[in-house]
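The chain contents come next:
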Amino acid sequence: MKPISLTRFLIQEQQAGHINADLRLLIEVVARACKTIATAVGKGALGGVLGDAGTGNVQGEAQKKLDVLSNEILLEANEWGGHLAGLASEEMDHAHPIPNSYPKGNYLLLFDPLDGSSNIDVNISVGTIFSVLHCPDGVSEPHDEHFLQAGTAQVCAGYTTYGPSTMLVLTLGRGTHAFTLDREQGSFMLTRQDLCIPEDTQEFAINLSNQRHWEAPMQHYVADLLAGKTGPRGKDFNLRWVASMVADVHRILTRGGIFIYPIDAKCRDKGGRLRLMYEANPMAFIVEQAGGAASTGRQRLLDVTPNGLHQRIPVFLGSKNEVAAAERYHLQANANPG
Ligand code: AHG
Ligand code: MN
Ligand code: MN
């Protein structure tokens, strides 16, 4: 049977009373922007989009041309439709309220316009991550503080992976669903409904070069994974690290695994490596809705009360039982300090 399009899926969700017209429009607009980004990514060197932009973002990171371009595409697509009160991005210092010259809606949109920037120039998968929140009642010009809502408040989250095929993975809080871009038709088609992450795994994703900077419980946990069958875990583990969170999480949604970016001595002052509001929270929502788990190592990620738009956080997510195992090492260390 021919798969249904994202448009039809969203109309059905609206007809069932699960979403309103504004949220449907919002997702359609984000999906359309992602198609534009996919086209730019796909052109590579021919589109003149590779390389550095020569600028930096608020987090002190050098921006790539595609970081800046993807941010502009998402901003321009979403500004005028009337579905948003404001938006915020990795590439913008502060939240951007919708200008008074445009109609306004009641949603807030956060995004990492281009995730995995270090992979752009080497033709490895990159992605876009987004999260949708309600604008607090009575606020017509949302600023940074109005975006600081716990991950449990998300009404929708998704990502697009620009890989061998372009896929949009989406949750509206009732399961996680995957859509594949039909390049001839120009439509995202529903190719996997209700993704389900296996509870157990023998695969982990981590940047192992940071090992010497990790805290003691992380050292202990990964040493036990690497010890394999004859170690305390009693099974061999495989290691995979794309260095694009979107691609690593997509693999885990497809065949299980655990993705970890722990706190380490290099990023301790910042609180971690990955950003809570537009990387960790949307991915945690997507993963939980697929039956997986997401944690800071010490608590459920979605329960964290944010304190800054660009706040960073340690991330453990994926197969439920493995996330619980990683948490046990941290909780035991808390219980027996020193
Ligand atoms: P971004 O390109 O949006 O800044 O995010 C990159 C993130 C994430 O995608 C990835 O998991 C991680 O950084 C890679 O970190 P390492 O460079 O330490 O491998
Ligand atoms: Mn990112
Ligand atoms: Mn990014």
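Visitor: Just give me the short version of the sheet that holds strand β11 (residues 203–205), but keep the residues and values in it.
Guide: Taken together, 5 strands build an open sheet; the order of strands is β12-β11-β13-β17-β15 and the sheet is mixed. Each end of this open sheet is capped by a strand with a single partner; those strands are β12 (238–239) and β15 (293–295). When β15 meets strand β17 (residues 315–318), the two strands line up antiparallel, connected through 3 bridges. Within β17, the position partnered with S295 by the bridge is F316. In the packing of helix α7 (residues 276–289) onto the sheet, contacts are made with β15 and β17, and the angle to β17 comes to roughly 25°. Running at roughly 150° to β17, helix α8 (residues 320–335) makes contact with β13 (258–261), β15 and β17 of the sheet.

Visitor: Explain α7 to me, and be specific about the residues and the numbers.
Guide: For α7, the buried fraction is high: 12 of the 14 residues fall into the buried class. Of all the residues in α7, the buried ones are L276, M277, Y278, E279, A280, N281, P282, M283, A284, F285, I286 and V287. Immediately downstream of α7, the backbone of G291 shows phi near 85°, a positive value.

Visitor: Please set out helix α5 (residues 216–227) residue by residue, giving values where relevant.
Guide: The end-to-end C-alpha distance of α5 is 16 Å, a good match for the 16 Å that 12 residues give at a rise of 1.5 Å each. Buried residues along α5 sit against β11, β13, β17 and α8.

Visitor: Provide a residue-level description of the domain arrangement of the protein, including the pertinent values.
Guide: Under the domain assignment, the protein is made up of domain 1 (6–192) and domain 2 (203–335). The gap between the C-alpha centroids of domain 1 and domain 2 is 24 Å. Taken together, the contacts link 50 residues of domain 1 with 32 residues of domain 2. On the domain 1 side of the interface with domain 2, the three residues burying the most area are Q59, L148 and Y159, jointly 20% of the side's total. The tally of links between domain 1 and domain 2 comes to 4 salt bridges. Inspection of the region where domain 1 meets domain 2 yields 19 residue pairs in polar contact (both at pLDDT 80 or more). Every element with two or more residues in the side of domain 1 that touches domain 2 is listed here: β3 (84–89), β5 (107–115), β6 (126–134), α4 (144–147), β7 (156–162) and β8 (166–171).

Cut-off values and rules
Residues numbered from 1 in each chain as written. Chains lettered and ligands numbered in written order. Predicted model: local features only at pLDDT ≥ 70, side-chain atom pairs only at ≥ 80, totals over all residues. Heavy atoms only, no water. Pairing = 2+ DSSP bridges. Helix = DSSP H or I, 4+ residues; strand = E, 2+ residues; numbered from the N terminus. Contact = heavy atoms within 4.5 Å. Axes fitted to C-alpha atoms, helices over the stretch in contact; angles between N-to-C directions. Buried < 20%, exposed > 50% of the residue type's maximum accessible area, 1.4 Å probe, protein only. Expected span 1.5 Å × (residues − 1). Domains from an automatic or database assignment. Buried area = accessible area lost by both parts, 1.4 Å probe. Salt bridge = Lys/Arg side-chain N within 4 Å of Asp/Glu carboxyl O. Polar contact = N/O pair within 3.5 Å; in protein donor to acceptor, adjacent residues only side chain to side chain.

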